[in-house]
Amino acid sequence: MQSYEVISGPLADAAVWRGALIWALALYVPLSAPLSRLEASLETSTIPEDWRQGVLILSSLLLAMAVGLATQLGCSWALGPGWASSLGVVVLGWSLLLTLTNRDRT
C-alpha cells in the first residue's frame with residue numbers, strides 16, 4: 001500500500017507540534033528580552049510605525065516557535081514526546097508564576 005504522507009519523520013507527529021507550541025508559550029517572555037535590541041534598532045530605522053510593530057511581533061513569534069520546536073525535539077529525543085510535552089506544561093506554569101510574582105515587585 002502506498003503512503004501519501006507529505007511529511008514524514010518526527011515533524012509528522014502532531015504531538016511534537018503541540019509540545020513545540022507549549023514550549024514556545026513558556027519561553028515567549030524570556031525570549032522577548034533579547035528582542036529589545038531589535039526594537040531599539042527599529043526605532044531609529046526609516047520603516048513606518050505600522051510595519052515596525054508587525055516586524056517586531058512576527059520576529060518574536062518566529063523566535064519563540066523556533067526555540068520551542070528545537071526544545072521539544074531535543075526533549076522528545078531525550079525523554080520521549082509525552083514527557084517533553086508534560087515538561088513544557090510545567091515550564092509554562094512556572095513561567096507564568098514567575099511573571100506574576102515579578103509584576104508585584106515593580
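In this text the structure is predicted, and so the values were computed from the model without any measurement.

The rules behind these values
- Counting restarts for each chain, with residues numbered from 1 along the sequence as it is written.
- Predicted model: local features are reported for residues with pLDDT of at least 70 only, side-chain atom pairs are reported and counted for 80 or more only, and whole-chain, interface and lining totals are derived from all residues.
- Processing note: side-chain calculations cover all non-hydrogen atoms of the structure and skip hydrogens and water entirely.
- Segments assigned H or I by DSSP are reported as helices when at least four residues long, segments assigned E as strands when at least two residues long, and all are numbered from the N terminus.
- Buried residues are those whose accessible area, probed at 1.4 Å on protein chains only, stays under 20% of the maximum for their type, while exposed residues exceed 50% and partly exposed ones sit between those limits.
- Values of accessible area rely on a 1.4 Å probe in the Shrake-Rupley scheme; residue burial ignores everything except the protein chains shown.
- The length a helix should cover is 1.5 Å for every residue beyond the first.

> Got a sec to walk through the overall build of the protein chain? Specific residues and values, please.
The number of helices and strands found in the protein chain is 4 helices and 0 strands. Starting at the N terminus, the α and β elements of the protein chain follow one another as α-α-α-α. Split into buried and exposed, the 106 residues of the protein chain put 23% on the buried side. Carbon and sulfur atoms form 69% of the exposed surface of the protein chain, whose accessible area is close to 7,700 Å².

> I'd like a rundown of helix 3 (residues 49-79), residues and numbers included.
An ideal rise of 1.5 Å per residue puts 45 Å on 31 residues; helix 3 measures up with 44 Å between its terminal C-alpha atoms. Taken residue by residue, helix 3 has Arg52, Leu56, Ser60, Ala64, Gly68, Leu69, Gln72, Cys75 and Ser76 as its buried positions. With its phi angle positive at about 110 degrees, Gly80 sits one or two positions after the end of helix 3.

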